[in-house]
Amino acid sequence: MNADIHDLAARGFERAGDDYERGRPGYPAEAIEFLVRELEIGPGARVLDLAAGTGKLTRQLVPAGAELVAVEPVAGMRRKLVDAAPGVEALAGTAEAIPLADAAVDAVLCAQAFHWFDGDRALAEIHRVLRPGGRLALIWNVRDETVEWERRLSKLLKRHQATAPRKRWGRWRDAFERTELFSPLRERKFVHRQEGDVDTMLARVASISFVSALPDDERAEFLGEVRSLVEPHGSPLVMHYRTEVYWCLRRD
């Protein structure tokens with residue numbers, strides 16, 4: 001097991017490929033259009049999707065016409081990415097050891113993942129592979145907990161989150177506050193919704209690293225509790241998100 005991969009991420013996401021693909025939402029069209037415009041993603045550009053997972057973001061970038069490279073450390077997730085985006089170069093690697101040459105890409109994007117990284121090492125590597133003037137963008141879908149069942153789901157999840165780093169803790173920002181390799185982060189938010197049936201929402205929960213990593217019996221028991229929570233609300237169910245985009249410029 002690669003020492004740069006958090007143990008919970010390695011164990012959980014290796015098992016979670018099917019659930020991640022079925023249960024995780026993509027990103028709102030407005031956010032993708034913004035990223036394409038702000039990072040100048042288009043024909044002639046080479047773009048890295050770092051910690052690409054099953055390629056949720058990767059696939060939404062394909063229509064822009066850039067050359068895409070996806071780096072993903074977990075083999076189970078990478079296999080799903082290759083199947084879903086066969087025209088994209090998919091490489092094994094981590095944010096702390098990106099398998100690309102110096103100045104290899106014009107832009108780097110990272111979806112749902114920067115909070116897992118060793119931020120200082122990752123930023124140094126991202127700076128290395130970016131060309132002068134290149135840009136870095138981070139994007140997260142953050143559950144908005146607008147309605148009661150979503151708030152109750154969060155309470156259930158807190159029982160098992162253990163040592164898994166969470167985006168909402170904000171610790172991922174520390175490396176950006178220390179670095180001189182990039183300009184200060186800028187931020188923009190978008191409203192997002194995910195509609196699905198009960199099984200879709202169960203897959204969404206099952207795709208969370210610390211849920212997927214549970215022993216089989218505990219995982220089944222927990223997902224049974226989640227089913228009991230969401231089934232009375234009928235179908236389709238709507239999960240509300242706040243999509244947060246952060247971006248900055250590589251300093252020479």
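Up top is the structure.
A brief look at the structure comes next. The model shown is predicted, which means the values in this text are computed figures rather than measured ones.

### What about the overall build of the chain?
When helices and strands are counted, the chain shows 11 helices and seven strands. Seen along its three principal axes, the alpha-carbon backbone of the chain occupies a region of about 55 × 35 × 35 Å. Counting over 252 residues, the chain shows a buried share of 57%. For the chain, the accessible surface area stands at approximately 11,300 Å², while carbon and sulfur atoms represent 47% of it. Charged side chains of the chain number 37 positive and 40 negative; the gap between the two group centres comes to 3 Å.

### Here's the deal with the pattern of salt bridges
The tally for this structure, following the rule as stated, stands at 20 salt bridges. In this structure, Arg-135 engages Glu-38 in a salt bridge whose closest nitrogen and oxygen atoms are separated by 2.9 Å. A residue pair is termed long-range when its members are at least 10 positions apart, and Arg-135 in strand 5 (residues 130-143) and Glu-38 in helix 3 (residues 29-38) qualify at 97 residues. With a shortest N-O distance of 3.7 Å, Glu-187 and Lys-189 are connected by a salt bridge. Exposure remark for Glu-187: the relative accessible area of 38% places this residue in the partly exposed category. Here Lys-189 falls in the partly exposed class, since its relative accessible area comes to 48%. Connected via shared salt-bridge partners are Arg-46, Glu-67 and Glu-89.

### With respect to empty space enclosed by the protein
With the rule as written, the count across this model stands at two cavities of 30 Å³ or more. Empty space within the second largest cavity amounts to approximately 60 Å³. If you go around the second largest cavity, the residues you meet are Tyr-20, Arg-24, Pro-25, Tyr-27, Lys-56, Gln-112, Asn-141, Arg-204 and Tyr-241. Tallied by class, residues from the lining of the second largest cavity come to four nonpolar, two polar and three charged.

### Focus on the environment of Val-62
As for its placement among the helices and strands, Val-62 is situated in the loop between helix 4 (56-61) and strand 2 (67-71). When the C-alpha positions of Val-62 and Gly-87 are compared, they lie 9.1 Å apart, and in sequence the two are 25 residues distant. Ignoring sequence-local partners within four residues, the contact set of Val-62 consists of Leu-68 and Val-88.

### As for the sheet that holds strand 7 (residues 237-249)
Across the sheet, seven strands lie side by side as 3-2-1-4-5-7-6; this open sheet has mixed pairing. Here the strands that pair on one side only, and so sit at the sheet edges, are strand 3 (89-91) and strand 6 (186-196). Neighbour-to-neighbour, the strand axes of this sheet turn through a mean angle of 20 degrees, independent of strand direction. Note: strand 1 (residues 46-50) against strand 2, five bridges, orientation parallel. Residue Leu-48 lies in a different strand from strand 2, and its bridge partner there is Val-69. Most of the contacts of helix 7 (residues 148-158) go to strand 7, to which it runs at about 70 degrees, and overall it touches strand 5 and strand 7.

### Describing the pairing of strand 5
Looking down a regular strand, the side chains alternate between one sheet face and the other. Burial runs high along strand 5: 10 of the 14 residues are buried. Taken together, strand 4 (residues 105-111), helix 6 (residues 119-129) and strand 5 form a β-α-β motif whose crossover is right-handed. Examined bridge by bridge, strand 5 and strand 7 share nine bridges and lie antiparallel to one another. Looking across to strand 7, one finds that Arg-143 is bridged to Tyr-241.

### Comments concerning the side chain of Glu-125
Turning to its location among the elements, Glu-125 is positioned in helix 6. Excluding residues within four positions of it along the chain, Glu-125 makes contact with Ala-95, Glu-96, Ala-97 and Ile-98.

### Digging into the nonpolar core
By size, the foremost hydrophobic cluster in this structure holds 31 residues, and its most contacted members are Leu-48, Phe-114 and Phe-117. Listed by contribution, the elements that provide at least two residues to this core are strand 1, strand 2, strand 4, helix 6, strand 5, helix 8 (173-178) and strand 7. Apart from the residues lying within four places of it in its own chain, the contact partners of Leu-48 are Val-69, Val-71, Ile-98, Leu-100, Val-105, Ala-107, Val-108, Leu-109 and Val-129. Leu-57, Ala-64, Leu-68 and Leu-81 belong to the second-largest nonpolar core, a separate cluster that totals 27 residues.

Analysis parameters
Residues numbered from 1 in each chain as written. Predicted model: local features only at pLDDT ≥ 70, side-chain atom pairs only at ≥ 80, totals over all residues. Heavy atoms only, no water. Helix = DSSP H or I, 4+ residues; strand = E, 2+ residues; numbered from the N terminus. Buried < 20%, exposed > 50% of the residue type's maximum accessible area, 1.4 Å probe, protein only. Areas by Shrake-Rupley, 256 points an atom, 1.4 Å probe, with all protein chains shown as cover. Lys, Arg positive; Asp, Glu negative; His and termini not counted. Charge placed at Lys NZ, Arg CZ, Asp CG, Glu CD. Salt bridge = Lys/Arg side-chain N within 4 Å of Asp/Glu carboxyl O. 1 Å grid on protein atoms, 1.4 Å probe; cavity = no way out; pocket = protein on both sides within 12 Å on 5 of 7 lines; lining within 4 Å. Points joined across faces, edges and corners; volume = space filled by probe spheres on them. Nonpolar A, V, L, I, M, F, W, Y, C, P; charged D, E, K, R; others polar. Contact = heavy atoms within 4.5 Å. Pairing = 2+ DSSP bridges. Axes fitted to C-alpha atoms, helices over the stretch in contact; angles between N-to-C directions. Right-handed = clockwise from strand over helix to strand, strands pointing away. Core = buried A, V, L, I, M, F, W, Y, C linked by side-chain atoms within 4.5 Å.

From the geometry alone we can't say anything about function, so treat these as descriptive.
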